[in-house]
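Chain and residue survey
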Amino acid sequence: MAFPFFYKEDINLATNEVVLDDETSKHVAQVLRMQNGEQLKLTDGKGKLFIAEITDNNRRKCAVKILSSTFQHVSEKKITIAVSLVKNAHRFEWFLEKATEIGANEIVPLICTRTEKQHFRIDRMKGILVSAMLQSQQTWLPVLHEPLKFVTYLKSLKEETAAQKFIAHCEADEPRDELYTYKPFSEALVLIGPEGDFTIDEIDLALKSNFVPVALGKTRLRTETAGVVAVTTLSLG
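Quick summary incoming for the structure in this document. Numbers given to residues run from 1 along each chain, matching the order in which its sequence is written. Given that this is a predicted model, residues contribute local features only at a pLDDT of at least 70 and side-chain atom pairs are listed and counted only at 80 or more, while totals for whole chains, interfaces and linings are drawn from all residues. Based on all heavy atoms of the structure, the side-chain values leave hydrogens and waters out of the count.

1. Quick look at the packing of aromatic side chains
Any two of the Phe, Tyr and Trp rings considered here, Trp counted by its six-membered ring, make a pair once their centres fall within 6.5 Å; the pair's planes then place it as stacked at under 30 degrees, edge-to-face at over 60, or tilted in between. If you walk through the whole model with that rule in mind, you get five aromatic pairs. Here Phe-92 and Phe-95 contribute two aromatic rings whose centre-to-centre distance is 5.8 Å and whose plane-to-plane angle is 55°, an arrangement assigned as tilted. Placement of both Phe-92 and Phe-95 in helix α2 (residues 89-102) is noted, with a separation of three residues, approximately one turn of the helix. Considering the side-chain rings of Phe-92 and Phe-120, the 6.2 Å spacing of their centres and the 80° angle between planes classify their relative orientation as edge-to-face. Remark: Phe-120 occurs in the loop between β7 (106-111) and α3 (122-135) and Phe-92 occurs in helix α2; sequence separation between them is 28 residues. Using a 1.4 Å probe on the protein chains alone, a residue whose accessible area is under 20% of its type maximum counts as buried, one over 50% counts as exposed, and one in between counts as partly exposed. Its relative accessible area of 3% is what places Phe-92 among the buried residues. Ring-pair connections join several aromatic residues into one group, and the members of that group are Phe-92, Phe-95 and Phe-120. A cation over a ring is seen here: Lys-41 above Phe-5, with NZ or CZ 4.8 Å from the ring centre. It is Lys-77 that lies over the ring of Phe-185; its NZ or CZ is 5.4 Å from the centre. Runs of H or I in DSSP of at least four residues are treated as helices and runs of E of at least two as strands, each being numbered from the N terminus. Cation placement over rings: the criterion is NZ of Lys or CZ of Arg within 6 Å of the ring centroid and within 35° of the ring normal.

2. What about α3?
Here the expected length of a helix is defined as 1.5 Å per residue gap, with one fewer gap than residues. Here α3 spans 20 Å end to end across 14 residues, near enough to the 20 Å set by a 1.5 Å rise per residue. Restricting attention to buried positions, one finds in α3 the residues Ile-122, Met-125, Ile-128, Leu-129, Val-130, Ala-132, Met-133 and Leu-134. Throughout, a residue-residue contact means that at least one pair of heavy atoms, one from each residue, lies within 4.5 Å. On its buried side, α3 packs onto β1 (5-7), β3 (39-43), α2 and β8 (143-144). Once α3 ends, the next one or two residues include Gln-137, with phi positive near 60°.

3. Focus on the nonpolar core
The tendency in soluble globular proteins is for nonpolar side chains to be buried as a group. Buried residues of nine kinds, namely Ala, Val, Leu, Ile, Met, Phe, Trp, Tyr and Cys, make up a nonpolar core once their side-chain atoms join them within 4.5 Å. Counting 32 residues, the largest nonpolar core has Ile-81, Phe-95, Leu-96 and Ile-192 as its most contacted members. Residue contributions to this core peak at five residues, all from helix α6 (residues 223-236).

4. A look at the environment of Thr-233
Tracing the backbone shows Thr-233 in helix α6. Residue Thr-233 is classed as partly exposed on the basis of its relative accessible area of 22%. Spatially, the C-alpha atoms of Thr-233 and Ala-206 are 21 Å apart, while their sequence positions differ by 27 residues. Every residue in contact with Thr-233, bar those within four places of it in the chain, is listed here: Leu-179 and Tyr-180. Polar contacts involving the side chain of Thr-233 include one to the main-chain carbonyl oxygen of Val-229, which spans 2.8 Å. Under this definition, polar contacts are N or O atom pairs within 3.5 Å; protein pairs additionally need one hydrogen-donor-capable and one acceptor-capable atom, and for neighbouring residues in sequence, both atoms have to be side-chain atoms.

5. A look at unusual backbone geometry
Glycine aside, negative phi is the norm for most residues, and most peptide bonds take the trans geometry. Even without being a glycine, Arg-33 presents a positive backbone phi close to 55°. You can see Arg-33 is positioned in the loop between α1 (22-31) and β3. The phi angle at Gln-137 is positive, at roughly 60°, despite the residue not being glycine. Relative to the helices and strands, Gln-137 is located in the loop between α3 and β8. Under the relative-accessibility criterion, Gln-137 is labelled partly exposed at 46%.

As structure tokens, this is what we get:
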């Protein structure tokens, strides 16, 4: 029998008892109608997986006792996607969900010259990441940054980073190989532009920062679709 799976950011093993937050408690006690003595799984989003037993199925402050814990190592590949915000917030949320399910490790929302949407509700976005992590039975929650301006983000990157750096753009005059043709890597970063693509100046700045221009297929993709294609390509490469 598969145990229900929940997230708890801070789990203190010193007390061996954990009180779940209001939303999780309500889901356990009211939605699933779980009883004292039943078991569930917890993760802290940092690789730890716990098996716990319900000791008080209070619908607001459900308490559980930790029975066992294991640690699951993060994937040998580290995938970072730095992607422009898009006008339709639901499309960006869809990207966050799918990128998490596939295995992105770090997501950086970008504000580029042609980015139309700049409002970002980080608490809601983190909630989407948590739900996707649990749905896909993972124990590592991707790191989600606050939105950064394109230039600011490039300046923040360390020159000695071990990551293979790519920029996916649609400029026809710039020669580009497909992302999937590159050799296996241990760490990679891909820049994905807004609905109107990166500007020439942004592309030039990325190239001067040692980013390699790549294509993501033969068709022109929406920003959020390009992000999912990039994560998928890198996770399978």
